[in-house]
Every structure is written in structure tokens, then in C-alpha cells.
Amino acid sequence: MSLGPAPVLALLVGIFHVSLYVLIRGRAGQRVPILLLAAFLGAWAGDALAGRIGGDPVTIGDFHLIGPSILAWAGIAIVVIIAVLDQRDPRRPAEAQP
């Protein structure tokens, strides 16, 4: 059983875009593994989708780059939106107690 180039390149694209996100934002905290997973899966799905649609002018062999990059950022955005919506104020339970 051999590993094709698509998962490896998707992992590299995901790592690059998460690194770029952390560089822009300044920190990511404990969300980095989840961001990496979301970006990896997004990049892998983006390559499959770009392969079906066609028309991606930037490729590395058979691996497309624009589609995976877009879906990697979509995965990062989904994780960030969920993290923002799930933020909890640690003082709220203390205020509820009499």
C-alpha cells in the first residue's frame, strides 16, 4: 500500500495556511491542532473538488493549489467562528451563585 502525493501535499498546504493564520493573528492557543486538522481536510477536499471542476491554473503535478488554499481557509474560518461562538465568560457562574 502506497501513499499518494495528494494527502502529503494537502498536509503541507494546510500547515502553510495555519502558519500564515497564526502569523497574522499573533496567537492561536490550544486551537492549533484543530486548525491543522481542518486546514488539512479542507485542502484535501479542495484538491478533489478542483480536480472535478478543472480550470485551476496553478498545480504541482496533479495537485491543484488554488482550490485547496480556498478550502483550507474555509476550514480555518469554521474553526475560528465556532471558537468565537463558544467563548464563555468564566465570571458568569460565580455571579449566578447567591
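One structure accompanies this document, and this report is about it.

Comments concerning the nonpolar core
In terms of nonpolar packing, the biggest core is built from 14 residues, with Ala-10, Val-18, Tyr-21, Leu-35, Ala-39, Ala-43 and Ile-76 touching the most fellow members. Put simply, the parts of the chain that give this core at least two residues each are helix H1 (5–25), helix H2 (32–53) and helix H3 (66–85). Ranked by residues supplied to this core, first place goes to H2 with five residues. When residues no more than four places from it in sequence are discounted, the contact partners of Ala-39 are Gly-14, Val-18, Ala-72 and Ile-76.

Notes on the packing of aromatic side chains
In total, this model carries two aromatic pairs according to the counting rule given. Plain terms: the ring middles of Tyr-21 and Trp-73 are 6.5 Å apart, the flat faces sit at 70 degrees to each other, and that makes the pair edge-to-face. One end of the pair, Tyr-21, is in helix H1; the other, Trp-73, is in helix H3, and 52 residues separate them in sequence. Looking at Tyr-21, the relative accessible area reads 10%, which means it is buried. A relative accessible area of 30% means that Trp-73 is categorised as partly exposed. Judged by centre distance (5.5 Å) and plane angle (35 degrees), the rings of Phe-40 and Trp-44 are tilted. In this pair, Phe-40 and Trp-44 are both assigned in helix H2, four residues apart and thus about one turn of the helix distant.

Cut-offs applied
Residues numbered from 1 in each chain as written. Predicted model: local features only at pLDDT ≥ 70, side-chain atom pairs only at ≥ 80, totals over all residues. Heavy atoms only, no water. Core = buried A, V, L, I, M, F, W, Y, C linked by side-chain atoms within 4.5 Å. Buried < 20%, exposed > 50% of the residue type's maximum accessible area, 1.4 Å probe, protein only. Helix = DSSP H or I, 4+ residues; strand = E, 2+ residues; numbered from the N terminus. Contact = heavy atoms within 4.5 Å. Phe/Tyr/Trp six-rings, centres within 6.5 Å; stacked < 30°, edge-to-face > 60°.

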